[in-house]
Every structure is written in structure tokens, then in C-alpha cells.
Amino acid sequence: MKRFDKGYIYSSLLSDLFGSLVVVFIFLKDFFLDDESNPEDIIAAIPFFVVAFIVIYLCFIAYRILYYKTSGYELTENEIKCNRGVLFRKRSVLEYKKVHAINKKQNIFHRIFGIAVLTVDSGSTNTSHQAEITIIEKEKNVDALLNELNELKEGGVRNAESKQPKDELLLSDEDSLYRFTSGKKMLYTLINIASTAFFTALFAVLTIIVLGICKLMVQQSFLGTWGQYFLYAFLITVGAMLLFSIFSLIGCLIHSFVGYYKFKITRRGNDIQISYGLLEKHTNTFSYDRIKAVKITQGVVQRMLGFASIRLEVIGYLNNTGDDNKNADLGVLVPFCKYDEIGEILGKVLPDYVPDKKQTNAVSYFSFISWFALILGIILGVVLLQATIPMLIFNVSYTVIKTVAFAVAGAGATILVVKAVSAALGYQNNGIAINNGKITAYYGGFTKNVTVFMARNLIAAENVTTPLRKKRGITSLVMHLKTNALSNEVKVHIQNGVLSEELEKLLVL
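Let us look at the structure shown here.

### Some thoughts on the overall build of the protein chain
Link 1 in the chain: Counting its secondary structure elements, the protein chain contains 12 helices and 20 strands.
Link 2 in the chain: Sorting the 509 residues of the protein chain into buried and exposed places 43% on the buried side.
Link 3 in the chain: Within the protein chain, contacts between residues separated by at least 24 positions form 62% of all contacts whose residues are at least 6 apart in sequence.
Link 4 in the chain: When the accessible surface of the protein chain is totalled, it reaches about 26900 Å², and 64% of it is carbon and sulfur.

Quick look at the structure:
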């Protein structure tokens, strides 16, 4: 069995160097930052700081060396084997024909020493929390292994006759199919900032209204005159919008320009490969026929401006974060594009998953809000009784009681208005299309979602209704998909009950 490359030790110890400094600082920061500490005490404590750092770093060194000596991999005729772990040893064996996700990752420390991490997964529900196979090798060796495993997972046997090179469809900046250009990245950033500013302003306005009602009812002067009140409220709102927008700007710029650096999609035969990243470079490869669903998402601001993002749900699509890599059920296919371009992009990348137009619409608006309004009314009634009864017992001023009652009612009305708007959007969005074994589900309120999946991935369908809705032939459809993740449901609400019968015919038993 071949050991991992020694670059693993060097790259890990380089990152552990910073980790050791952070750990020591966390334990000793109170001493160094204490106002009562004088320079003499700090100088005297430096040897203890150095000793603590050396001890912690030696522990990291011992762990990395042991991990290197106890870990390795082997490619046999029919399967790939991998050993790893120190305290808890793990041995994994995976047949080539069961491989369906192969991902490559390089962080900045890996790139310094020219190594990369290759993870291989079968999509089994028993290993959904981590990769089944992890290999740490020189980058050129990882690239060779990635190509070889892509071939072996279809042939199933190593050293078989070499196949002809597959036709490669390059979906990148070069052929103009999808380009995540600097202009699109800036627009993506601005839309995220606009979303942040919009919801910040909305929350601020609601807060101003509630405080204004309290000021009017209690008639207290501590909030100043009405002119001062609205001036302060306006300035605070603008300040909050600017503050959160700045954080959003920094985060989005890093995410779009660094996280999605050289974003590229490549399709080779039945395999799709997505690569991106500057500081941490990812190359994720998975089989076309193992895609569970395509999900198109639009936030409120994106809907206003006509943009969307496309994500994939693929069992075994990994989000590489360490030696044992956690599974991520959603993978980015297109981070940002015009909504009108979705059909063209999917037609070239995933032609089977182009969404169909809605064949049905939600049949009742009231059903979207009825249960929520009932539960909200009960909660507000209980809160109002708990707040006012003690005040009545202790003879609190009627003005105060009235103010509390109006504040509770105002908060409830505000929540109900927000829900009413969300319900109106949900009523407009919800619908479904069934066409030649393909199901397109439209749902969501403020965030509009379109999920496209094949009937072969449908394992169960629920018909959720109430006696009153049943009389009117109304139901909510809950569709369960094949997946090893928790997000295996697609819900479409308030539809015609006949649809459940059509879904039952599509079930793959």
C-alpha cells in the first residue's frame, strides 16, 4: 500500500504553526491584555508562552507523522483501498464501478508544497457525512488518478483495454457558454448588497413604527420631539444600512472573486467537472446520471432584476474541509445568471433538466395563510393575557396597559402583514409540471425555487390535506427524492388533488 506524499506533513505543520499560535493566545490572552499586567510580568511570562507553544506544536508534529505512517492507498484490479487515521483507524474499500463522485481540493498550503487532496465517494447513505476514500498526493499524480478513476468507474476493471478519449465539452470562458466574468461578479456583489440593505431598511422601518406607537401612547419625552425622533431614526437606519452593506460588500467580493476564481464547467462523456477557487482550489467530478435534482433559486431582489442561481443536488458531491470530508448535498452549477438564460445554459450542460412551464397553479390564497393566522392569533391572545392580567391585579396605569396591548397587537399585525405578502408570493409561485418522466416543481414565498428532477428519483409522494380542503379537492404535495441528505423533500402547496394520482403513477418502487 502506497503512503501519502510527504508534502502532507509539511503543509499540515505549516498550517498547524498558525493554529498553535492561536491556541496559545486564546489561553494566555487574559494575562497579556489584563490592565493590571506590567511589562516586567509579560517579559517574565514569555518563557512559559514559548514552552506552551512548543508542547502544543510537538503534539501536532507527532499526530501528523503518525497519520502519515498509518495512512495510504492502493489501486487493485477491481477496487480502490485506503487506510487512514491515528487513534481511530479506518479502512475503506470501494469498487470502481460504484464510484460516482471524485473531487480534488488544494488549499494555499497544499499549493506551496505541490500536493492535492483527492476524495472518492459512492453516495452511500452510510457514508454521507464523509468521503469514503481520501488520497493525498503530488498534484500531477492526483490529476492522473482523477482521470484514471473516471475511466475505471465505467469499465470497472483496472488494466482493461484503453478506451478512446471521450468527447470533451468545455463550458467556460473560452466558448462563451457561461462566463462568470468580472462584470457579472460585480453585479452579483451589488445585488447581494441591495438585498442586505433592503431587509435592513425593512426591519428598521418596522422598529420605527413600533417605537413611534409606544411614544404616542405613553407620551414620554425621553424620545425627544417628533422631529428629533424621526431625524434620529433616519440617521440610525442609514447608518445600519451602510454598516451591513460594507460587511456584505467585503464578504461578497471575497466570495465571488476569490471563491469563484476561474470558475469552469467541463463535461466529458457522462461526467461533469466543476473547478473554481483561488486560495482553495476545488475540482469536483460526478456522473451525469447520479444527479438527483437541479434547483433554481431567486431571492426578492434577484426576482426584481431578473437574475437567478442554479444549484445541483448530487449524492456524494463533497465540500472538502479536512481529512474526512463532509458531504454537501447542494453544489453550485451556475452562481449567477439571467433568468432568461437558464434554459439555454441547462440545454447545453444538463439537457434533461430544462424546467417546463407550470401546468397548474395554486387554487386558493386563503389556505396559504389560514393556519398561520389561527396559530398567530392564539399566541398573541395568550401573550396579551399574560401581560395585562398581572398589570390589572397590581393596578397599573390604564395608559400603560393600553400601550402594551397596542404594542402586542401592532407586532402581531406586522408579522401577519409580512406573512400575507409571503403567502401572496407563494400563491403566485406554487405549481407543478409533469412531462415525460420529468417533474418541475415551483414553490417558495420571498425566495422563489424551481426544482427539476426525474421520476426515477422519486421514491415517495404524500398527499397532505385537511377535511375542509379535501372537500374542495385541495391538497399539498410532498415529494421525497433519492438522497443521503436531510433535504430530501420538495413541497408544492395548495394544488388540485388529482395531481397526487398522477404522481403515484410515476413512483419508482
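Further notes follow.
### Digging into the pattern of salt bridges
Link 1 in the chain: Applying the stated criterion to the full structure yields 12 salt bridges.
Link 2 in the chain: With a shortest N-O distance of 3.9 Å, Asp5 and Lys138 are connected by a salt bridge. Placement of Asp5 in the loop between strand E1 (2-3) and helix H1 (7-33) and of Lys138 in strand E7 (residues 133-138) is noted, with a sequence separation of 133 residues between them.
Link 3 in the chain: Residue Asp5 is classed as buried on the basis of its relative accessible area, which comes to 15%.

### Some points on helix H6 (residues 226-259)
Link 1 in the chain: End to end, H6 covers 47 Å across 34 residues, agreeing with the expected 50 Å (1.5 Å per residue, within 8%).
Link 2 in the chain: Among all positions of H6, only Tyr229, Ala233, Thr237, Ser245, Ser248, Cys252 and Ser256 are buried.

### Digging into the pairing of strand E15 (residues 431-435)
Link 1 in the chain: The buried fraction of E15 is high, at 4 of 5 residues.
Link 2 in the chain: A loop of 2 residues connects E15 with strand E16 (residues 438-443), the two strands running antiparallel in sequence, and Asn436 in this loop sits at a positive phi of about 50 degrees.

### A look at the side chain of Lys81
Link 1 in the chain: Relative to the helices and strands, Lys81 is located in strand E3 (residues 79-84).
Link 2 in the chain: In this structure Lys81 comes out as buried when scored by relative accessible area, which is 18%.
Link 3 in the chain: Beyond its immediate sequence surroundings of up to four residues, Lys81 is in contact with Met1, Gly72, Tyr73, Glu74, Thr76, Arg91, Ser92 and Val93.

### Overview of the sheet that holds strand E19 (residues 474-481)
The strands that make up a sheet are held in pairs by hydrogen bonds between backbone atoms, and each pair lies either parallel or antiparallel.
Link 1 in the chain: Spatially, the 3 strands line up as an open sheet ordered E18-E19-E20, and their pairing is antiparallel. A single partner strand is all that each edge strand has here, and the edge strands are strand E18 (458-464) and strand E20 (489-496). If you compare each strand with its neighbour and ignore which way they point, the axes differ by 20 degrees on average.
Link 2 in the chain: Inspection of the sheet shows E18 paired to E19 by 6 bridges, in the antiparallel sense. Across the sheet, the residue bridging to Val464 is Ser476, located in E19.
Link 3 in the chain: The sheet contacts of helix H12 (residues 498-506) involve E18, E19 and E20, and relative to E19 the element is tilted by about 20 degrees.

### Some points on the layout of surface pockets
Link 1 in the chain: Size it by volume and the second largest pocket reaches roughly 310 Å³.
Link 2 in the chain: As for the second largest pocket, its lining consists of 20 residues, of which Asn192, Thr297, Gly299, Gln302 and Ser309 are closest to the centre.
Link 3 in the chain: Listed by contribution, the elements that provide at least two residues to the lining of the second largest pocket are helix H5 (182-218), strand E12 (291-298), helix H7 (300-305), strand E13 (307-314) and strand E14 (330-338).
Link 4 in the chain: In terms of residues, the lining of the second largest pocket owes the most to one element, H5, which gives 5 residues.
Link 5 in the chain: For the lining of the second largest pocket, a count of residues per class yields 10 nonpolar, 9 polar and 1 charged.

### What about the sheet that holds E3?
Link 1 in the chain: Spatial ordering of the open sheet is given by E1-E2-E3-E4, a layout of 4 strands whose pairing is antiparallel. Sheet topology places E1 and strand E4 (90-95) at the edges, where each strand pairs with a single neighbour.
Link 2 in the chain: Taken together, the 2 bridges between E1 and strand E2 (residues 72-75) define a ladder with antiparallel strand orientation. Residue Lys2 lies in a different strand from E2, and its bridge partner there is Tyr73.
Link 3 in the chain: Relative to the sheet, helix H4 (residues 139-155) contacts E1, E2 and E3, its axis offset from that of E2 by approximately 40 degrees.

### Notes on the nonpolar core
Link 1 in the chain: Counting residues in each nonpolar core, the largest one holds 36 residues, and the members touching the most others are Ile274, Ile310, Leu312, Leu333 and Leu350.
Link 2 in the chain: Where this core is concerned, the elements lending two or more residues are H5, strand E10 (271-276), E12, E13, E14, helix H8 (342-349) and strand E17 (448-454).
Link 3 in the chain: What Leu333 contacts, discounting residues up to four positions off in sequence, is Phe263, Ile265, Ile274, Ile310, Arg311, Leu312, Leu346, Val349 and Leu350.

Rules behind the numbers
- Residues numbered from 1 in each chain as written.
- Predicted model: local features only at pLDDT ≥ 70, side-chain atom pairs only at ≥ 80, totals over all residues.
- Heavy atoms only, no water.
- Helix = DSSP H or I, 4+ residues; strand = E, 2+ residues; numbered from the N terminus.
- Buried < 20%, exposed > 50% of the residue type's maximum accessible area, 1.4 Å probe, protein only.
- Contact = heavy atoms within 4.5 Å.
- Areas by Shrake-Rupley, 256 points an atom, 1.4 Å probe, with all protein chains shown as cover.
- Salt bridge = Lys/Arg side-chain N within 4 Å of Asp/Glu carboxyl O.
- Expected span 1.5 Å × (residues − 1).
- Pairing = 2+ DSSP bridges.
- Axes fitted to C-alpha atoms, helices over the stretch in contact; angles between N-to-C directions.
- 1 Å grid on protein atoms, 1.4 Å probe; cavity = no way out; pocket = protein on both sides within 12 Å on 5 of 7 lines; lining within 4 Å.
- Points joined across faces, edges and corners; volume = space filled by probe spheres on them.
- Nonpolar A, V, L, I, M, F, W, Y, C, P; charged D, E, K, R; others polar.
- Core = buried A, V, L, I, M, F, W, Y, C linked by side-chain atoms within 4.5 Å.

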